[in-house]
Amino acid sequence: MIIGVAKEIKNNENRVGLTPAGAEDLCRAGHTVLIEKNAGIGSGFSDESYKQVGATIIADKKELFDTSEMIIKVKEPLTPEYELFHEGQILFTYLHLAPEPELTKALLEKKVIGIAYETIVGRNNSLPLLSPMSEVAGRMAVQIGAQFLEKPWGGKGILLGGVPGVESGQVVIVGGGIVGTNAAKMAVGMGARVTILDKSTDRLAYLDDIFAGRVTTVMSNSYNIAKWVKQADLLVGAVLIPGAKAPKLVSEEMVKTMEAGSVIVDVAIDQGGSVSTIDRITTHSEPTYTKHGVIHYSVANMPGAVARTSTLALTNSTLPYALQIANKGWKQALIDDAGLARGLNVYDGKVTFKAVADDQNLPYTPVTTVLS
Ligand SMILES: NC(=O)C1=CN([C@@H]2O[C@H](COP(=O)(O)OP(=O)(O)OC[C@H]3O[C@@H](n4cnc5c(N)ncnc54)[C@H](O)[C@@H]3O)[C@@H](O)[C@H]2O)C=CC1
Ligand SMILES: CC(=O)C(=O)O
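Predicted, not measured: the structure shown is a model, and the values here were computed from it. (Residues numbered from 1 in each chain as written. Chains lettered and ligands numbered in written order. Predicted model: local features only at pLDDT ≥ 70, side-chain atom pairs only at ≥ 80, totals over all residues. Heavy atoms only, no water.)

**Some points on the sheet that holds strand E7 (residues 170-174)**
Strand pairing in a sheet relies on backbone hydrogen bonds, with the paired strands running either antiparallel or parallel.
Next up, step 1: Sheet architecture is open: seven strands sit in the order E9-E8-E7-E10-E11-E13-E12, paired in mixed fashion. On the outer flanks of this sheet lie strand E9 (216-219) and strand E12 (288-291), each paired with one strand and no other. Across this sheet, the average inter-strand angle for adjacent strands is 20°, counted without regard to direction.
Next up, step 2: Inspection of the sheet shows strand E10 (residues 234-237) paired to strand E11 (residues 263-266) by four bridges, in the parallel sense. (Pairing = 2+ DSSP bridges. Helix = DSSP H or I, 4+ residues; strand = E, 2+ residues; numbered from the N terminus. Axes fitted to C-alpha atoms, helices over the stretch in contact; angles between N-to-C directions.)

The following block contains the structure:
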């Protein structure tokens, strides 16, 4: 198979979809690997390091897309990339289609085979290609939140860990999955007071066990969310309903009860955001805006800022799937792995992921009918 690795164009997106180690594995398996010029630079991988393992560097983006049977990326395509795809091309990347009707329309019109990292399912219903970036973003959420709580950044001027004789800050995390757990690890490590809300009693029990009394776990409902949002110095949005638009769990009224200079980091922004006052996706260049006196951070590619760590973590998980797709062809790979088949979001002008179809009022075609 001819595999093209595109350079990311999103603001400060420094990750790349394939490392030289991955390129070597694909070349050894008999595939042709094309790397867009400078695609790996932001993650510390030179063009030369790809050439050394047998890949070819392509300077022209259009040529890369025209030639490749499968495009490997990190982030969802942006408008200038829509026209580059061609019918029957495999796109293996994060897609986050539910809140993106324009992107969905473009991929349907181009009849792209869109396999989304974030909806592929592993053992025990895990999301193996989302988890590594959720680990990164969860950890970053507290690091970033702590910075914006500092006065020079517009915050209320508190140190999350407090000091002897002065109380520590309150971190409230809505959603206790991978992002939530990693955010809690960092916040506990800093010495903050931490409360996690989740709607799964099993998850709350698990969190209670692993944090051994160092976090407060609370059932997620609007009454409890309102109670805890009011007390939050740092609020982290970390809910997910896989593949679907994030539920707006934190209302504008709740945000208004927060003290001025408090901070919201809505990690769930890539699925549309879980806080009602988050009305835009921000960028690493301009990461925040203030509403009702509260600093809002809603960057949809947080791991792009720590690209070396993130690219290595992401590709550790994506490469085995890329190899399966390249070695067997996409259809056989999906037939052989029902979890990988859950990644198929669009095929031949049809939406094949139910939550995306439901959120956008589009007809739904089950993957099973595509694979039979
Ligand atoms: N902005 C960024 O750069 C990044 C964003 N993300 C996003 O972060 C979000 C969370 O991802 P993960 O932690 O991996 O998902 P996850 O599936 O591990 O955890 C989600 C949690 O939300 C909980 N939940 C669902 N509905 C809820 C409700 N009504 N109230 C409270 N909890 C509820 C679930 O029980 C689950 O524990 C996703 O949207 C993901 O795409 C992940 C990485 C980077
Ligand atoms: C998951 C996601 O949106 C990211 O890593 O950028």
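**Focus: the nonpolar core**
Next up, step 1: Core analysis: the largest hydrophobic core is formed by 78 residues, its most contacted members being Phe92, Ile115, Val194, Met302 and Trp330.
Next up, step 2: In this structure, Leu64, Ile71, Phe353 and Ala357 belong to the second largest nonpolar core, which totals 25 residues. (Core = buried A, V, L, I, M, F, W, Y, C linked by side-chain atoms within 4.5 Å. Buried < 20%, exposed > 50% of the residue type's maximum accessible area, 1.4 Å probe, protein only.)

**Regarding the side chain of Asn345**
Next up, step 1: Along the chain, Asn345 turns up in strand E14 (residues 344-347).
Next up, step 2: Exposure remark for Asn345: the relative accessible area of 1% places this residue in the buried category.
Next up, step 3: Within the structure, the side chain of Asn345 is placed 3.1 Å from the side chain of Thr119, a separation counted as a polar contact.
Next up, step 4: Residue contacts for Asn345: discarding those within four places in its chain leaves Leu95, Leu97, Gly114, Ala116, Thr119, Lys350, Val351, Thr352, Phe353 and Val356. (Polar contact = N/O pair within 3.5 Å; in protein donor to acceptor, adjacent residues only side chain to side chain. Contact = heavy atoms within 4.5 Å.)

**Remarks on the pairing of strand E13 (residues 294-297)**
Next up, step 1: Burial along E13 is two-sided: Val294 and His296 facing one way and Ile295 and Tyr297 facing the other are all buried.
Next up, step 2: Here E11 pairs with E13 via three bridges, running parallel. Residue pairing for E13: Val265 is matched across the bridge by Tyr297.
Next up, step 3: Examined bridge by bridge, E12 and E13 share four bridges and lie antiparallel to one another. Its bridge partner lying in E13, Thr288 is registered against Tyr297.
Next up, step 4: Joining the antiparallel neighbours E12 and E13 is a turn of two residues, in which His292 adopts a positive phi near 50°.

**Remarks on the sheet that holds strand E1 (residues 2-5)**
Next up, step 1: The mixed open sheet is built from eight strands, whose spatial order is E3-E2-E1-E4-E5-E6-E14-E15. Only two strands of the sheet have a single partner each, and these edge strands are strand E3 (56-58) and strand E15 (350-351).
Next up, step 2: Pairing between E1 and strand E4 (residues 70-72): three bridges, direction parallel. For Gly4, the partnering residue across the bridge sits in E4 and is Ile71.
Next up, step 3: In the packing of helix H11 (residues 307-328) onto the sheet, contacts are made with E1, E4, strand E5 (90-93) and strand E6 (113-116), and the angle to E5 comes to roughly 170°.

**Observations concerning a nonpolar patch on the surface**
Next up, step 1: Taken together, the side chains of Leu159, Val163 and Val166 make up a nonpolar region of the molecular surface, amounting to roughly 290 Å² of accessible area.
Next up, step 2: Residue placement: Val163 occurs in the loop between helix H6 (131-148) and E7.
Next up, step 3: Residue classification places Val163 among the partly exposed residues on the basis of a relative accessible area of 46%. (Patch = residues over 30% accessible without salt bridge, like charges linked within 9 Å, V, L, I, M, F, W, Y side chains within 5 Å. Areas by Shrake-Rupley, 256 points an atom, 1.4 Å probe, with all protein chains shown as cover. Salt bridge = Lys/Arg side-chain N within 4 Å of Asp/Glu carboxyl O.)

Keep in mind that these numbers describe shape and distance, not what the molecule does.
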